[in-house]
Amino acid sequence: MIQVICRDEAYIYNAYHMTKAFYPSAEVVSRVEEKASNYVTVILDGKAVASVPDEREKEQKRRIDIILYRQLAERTGRTLSWGILTGVRPVKLAVKRLDEGMTKEEFIRWFGENYLVSKEKSELAWNIAVREKSLLDKLDAKEGYSLYVGIPFCPTVCTYCSFSSGEWSFWKDRIDEYLDVLCRELRFIAEASEGKRLNTVYVGGGTPTTLSGAQLDRLLSCIDLYFPKEHLLEYTVEAGRPDSITREKLAVLKEHGITRISINPQTMQQKTLDVIGRKHTVEEVKGALLLVRDMGFDNINMDLIMGLPGETVEEVKDTLRQIEDLQPDNLTVHSLAIKRAAKMERQDTKNAGCIGQMVEEAARSAGRMGMSPYYLYRQKNIAGNFENVGYAKAEKAGIYNILIMEEKQTIIAAGAGSVSKRVYPDGRIERSENVKDVSQYIERIGEMIERKSIFYVFPYQTGNPVVDILPGEKLKMAKADEIAAEVSLPLPNLCGIGDFDLCVIKLVPISAKIHRKKSRMTRI
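Now for a description of the structure that goes with this document.

Conventions used here
Residues numbered from 1 in each chain as written. Predicted model: local features only at pLDDT ≥ 70, side-chain atom pairs only at ≥ 80, totals over all residues. Heavy atoms only, no water. Helix = DSSP H or I, 4+ residues; strand = E, 2+ residues; numbered from the N terminus. Buried < 20%, exposed > 50% of the residue type's maximum accessible area, 1.4 Å probe, protein only. Core = buried A, V, L, I, M, F, W, Y, C linked by side-chain atoms within 4.5 Å. Contact = heavy atoms within 4.5 Å. Polar contact = N/O pair within 3.5 Å; in protein donor to acceptor, adjacent residues only side chain to side chain. Phe/Tyr/Trp six-rings, centres within 6.5 Å; stacked < 30°, edge-to-face > 60°. Pairing = 2+ DSSP bridges. Axes fitted to C-alpha atoms, helices over the stretch in contact; angles between N-to-C directions. Salt bridge = Lys/Arg side-chain N within 4 Å of Asp/Glu carboxyl O. Parallel < 35°, antiparallel > 145°, perpendicular 65-115°, else oblique.

So, unusual backbone geometry
Right, so step 1: Gly205 connects to Gly206 through a cis peptide bond whose omega is 10°.
Right, so step 2: Take Gly206: it is sitting in the loop between strand 8 (197–205) and helix 8 (213–226).
Right, so step 3: The residue Asp45 is not glycine, and still its phi comes out positive at about 55°.
Right, so step 4: As for its position among the elements, Asp45 is in the loop between strand 3 (40–44) and strand 4 (47–52).
Right, so step 5: Using a relative accessible area of 65% as the deciding quantity, one classes Asp45 as exposed.
Right, so step 6: With a phi angle near 55°, Glu407 is a residue other than glycine that sits in the positive phi range.
Right, so step 7: Mapped onto the fold, Glu407 is located in the loop between helix 14 (399–406) and strand 15 (410–414).
Right, so step 8: We classify Glu407 as buried; its relative accessible area is 11%.

Dropping the structure here:
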């Protein structure tokens with residue numbers, strides 16, 4: 001067991017995840033000791049293998065990262081391709097530098113010097129940033145938004161999965177009830193978003209095609225009824241499990257204008273499918289893709305996972321050869337990440353093979369299919385400290401995938417376990433989470449909608465202080481989009497704002513009371 005001891009809670013996250021990246025198979029525990037002799041200490045077998053003694057470094061997080069990284073690299077004899085980065089969105093750094101006018105060569109040098117990122121990964125981040133920017137520039141970040149709809153049911157639950165999904169057999173008698181409240185939430189979102197432009201819709205899960213044809217039709221009809229589509233650029237439905245795909249369901253998707261479908265085999269090795277709990281065959285994967293093509297869909301994604309238990313590099317090569325025969329339009333390559341909610345144990349991945357070589361083989365395979373990388377993200381506990389990369393043919397990139405990673409546009413999410421993110425013009429982001437448990441979501445749908453209501457208190461540029469509704473404030477009912485140009489609210493003294501300063505508020509017809517657990521305030 002490896003112990004990570006920090007004097008300050010603020011640094012424990014970075015220290016833990018960097019240590020875990022250097023010792024992926026070891027059990028790593030972390031704790032804060034305010035009176036510890038060093039600011040950071042990593043202990044292996046009772047001996048300190050790395051430490052940062054100077055507390056003055058506390059205000060220089062990146063400097064601490066570099067010191068710790070170099071000590072662990074010397075101790076283990078290895079380096080990390082993403083250097084000191086522990087976050088999930090490294091491409092955001094490249095996008096920012098691109099916007100500032102930095103050249104590719106300047107960025108690669110800067111990324112390597114400041115974050116110890118390898119030249120290969122620096123080039124990958126830059127190339128993806130360039131492609132992302134060309135797509136993001138087409139979107140209306142101010143008036144546009146995207147919609148996520150969560151269907152948390154699967155035919156079976158895979159052993160590596162940590163999403164809030166349940167087996168269809170357990171929930172089958174309550175799925176219609178779930179759709180009842182989901183449609184109620186969707187109606188609220190549509191009414192509150194009136195006047196905004198819907199750019200993308202993503203129906204995910206879970207496995208949405210676990211629903212019956214009639215249930216799928218009901219859900220998609222609800223979306224059709226409430227949401228205008230004149231600004232819609234992409235409409236995706238995950239059909240991840242081939243054992244959930246039928247001609248009847250595909251006909252429903254076609255009727256409702258779905259433009260992008262995801263079929264996710266994860267591997268084309270039958271023995272691995274059996275081990276990870278996928279109750280379908282390799283032949284079913286091939287049959288499903290051919291059926292989707294036959295039904296006229298021309299933008300198909302397939303997901304693969306590198307580092308699954310027992311798989312070798314040669315077996316991954318065989319999987320990629322079979323995928324190339326099927327010629328999908330997108331290929332998303334994940335490096336295995338095991339989280340606490342997953343059934344799979346970390347020791348199951350010890351013989352996962354050379355993840356780096358697997359990732360490289362996948363990149364070459366995507367290139368042979370005429371695809372280029374277009375989005376990238378990383379996860380905690382990801383195998384080999386690598387990344388997840390989406391590849392796509394020309395004009396086939398998944399717009400929603402870019403938006404969820406780069407956080408350039410508001411995404412409103414409906415369904416159990418979904419998370420909405422409102423992006424403000426100044427870059428500030430607010431989140432609203434729905435409960436994960438399906439029963440709780442059904443029973444507390446009113447509360448879920450009330451949580452979301454804060455997303456629709458839009459500030460207006462008047463020069464006055466702008467405030468969000470504070471906990472317990474009572475507002476009179478008003479029609480949607482009605483603007484109270486000068487509203488006096490009894491506010492506490494926050495950041496110098498007086499008790500009765502003017503503010504501008506947009507009201508929505510949901511409740512006479514709008515509560516907010518965390519109050520926030522900003523000036524414009």
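Further notes follow.
Quick notes on the nonpolar core
Right, so step 1: Counting 124 residues, the largest nonpolar core has Tyr178, Leu182 and Leu186 as its most contacted members.
Right, so step 2: The leading source of residues in this core is helix 7 (residues 175–192), at 11 residues.
Right, so step 3: In this structure Leu182 touches Val149, Gly150, Ile151, Leu219, Ala414, Gly415 and Tyr441, once residues within four positions along its chain are discounted.

Topic: the environment of Gly398
Right, so step 1: Among the secondary structure elements, Gly398 is positioned in the loop between strand 14 (388–392) and helix 14.
Right, so step 2: For the pair formed by Gly398 and Tyr235, sequence separation is 163 residues and the distance between their alpha carbons is 9.6 Å.
Right, so step 3: Every residue in contact with Gly398, bar those within four places of it in the chain, is listed here: Glu234, Arg260, Asn330 and Tyr374.

Here we look at the side chain of Ser418
Right, so step 1: Within the fold, Ser418 resides in the loop between strand 15 and strand 16 (419–423).
Right, so step 2: Only 2.7 Å separates the side chain of Ser418 from the backbone oxygen of Gly415, close enough to count as a polar contact.

Focus: the environment of Leu72
Right, so step 1: Summarising the element assignment, Leu72 is placed in helix 2 (residues 61–76).
Right, so step 2: When its relative accessible area of 0% is taken as the criterion, Leu72 is described as buried.
Right, so step 3: Distance from Leu72 to Met18, taken between C-alpha atoms, is 8.8 Å for residues 54 residues apart in sequence.

Notes on the packing of aromatic side chains
Right, so step 1: In total, this model carries 16 aromatic pairs according to the counting rule given.
Right, so step 2: Both rings, one in Tyr374 and one in Tyr375, keep their centres 5.1 Å apart while their planes meet at 45°; by these two values the pair is tilted.
Right, so step 3: Residue classification places Tyr375 among the buried positions, given a relative accessible area of 5%.
Right, so step 4: Centre to centre, the rings of Tyr375 and Tyr377 are 6.0 Å apart; their planes meet at 25°, and the pair counts as stacked.

Notes on the sheet that holds strand 3
Right, so step 1: Taken in spatial order, the four strands of this open sheet run 2-1-3-4, and their pairing is mixed. Here the strands that pair on one side only, and so sit at the sheet edges, are strand 2 (28–32) and strand 4. Strand-to-strand twist in this sheet, taken as the mean axis angle between neighbours without regard to direction, amounts to 20°.
Right, so step 2: In this sheet, strand 2 lies alongside strand 1 (residues 2–6) in parallel orientation, the contact comprising five bridges. The residue bridging Ile5 from the neighbouring strand is Arg31, located in strand 2.
Right, so step 3: Across the sheet, helix 2 is in contact with strand 3 and strand 4; its angle to strand 4 comes to roughly 150°.

Looking at the pattern of salt bridges
Right, so step 1: Overall, the coordinates contain 32 salt bridges when judged by the stated rule.
Right, so step 2: For the salt bridge of Lys229 with Asp224, the shortest nitrogen-to-oxygen distance reads 2.4 Å.
Right, so step 3: Given a relative accessible area of 30%, Lys229 falls into the partly exposed group.
Right, so step 4: In this structure, Glu430 and Arg428 form a salt bridge, with 3.0 Å as the shortest nitrogen-oxygen distance.
Right, so step 5: For Glu430, a relative accessible area of 3% gives the class buried.

Concerning the packing of helix 7 against helix 8
Right, so step 1: Between helix 7 and helix 8, the shortest axis-to-axis distance is 9 Å and the interhelical angle comes to 10°. Relative to helix 8, the element helix 7 lies roughly parallel. Counting all contacts with helix 7, which are made through Ile175, Asp176, Leu179, Asp180, Leu182, Cys183, Leu186, Arg187 and Ala190, the residues of helix 8 involved are Gln215, Arg218, Leu219, Cys222, Ile223 and Tyr226.

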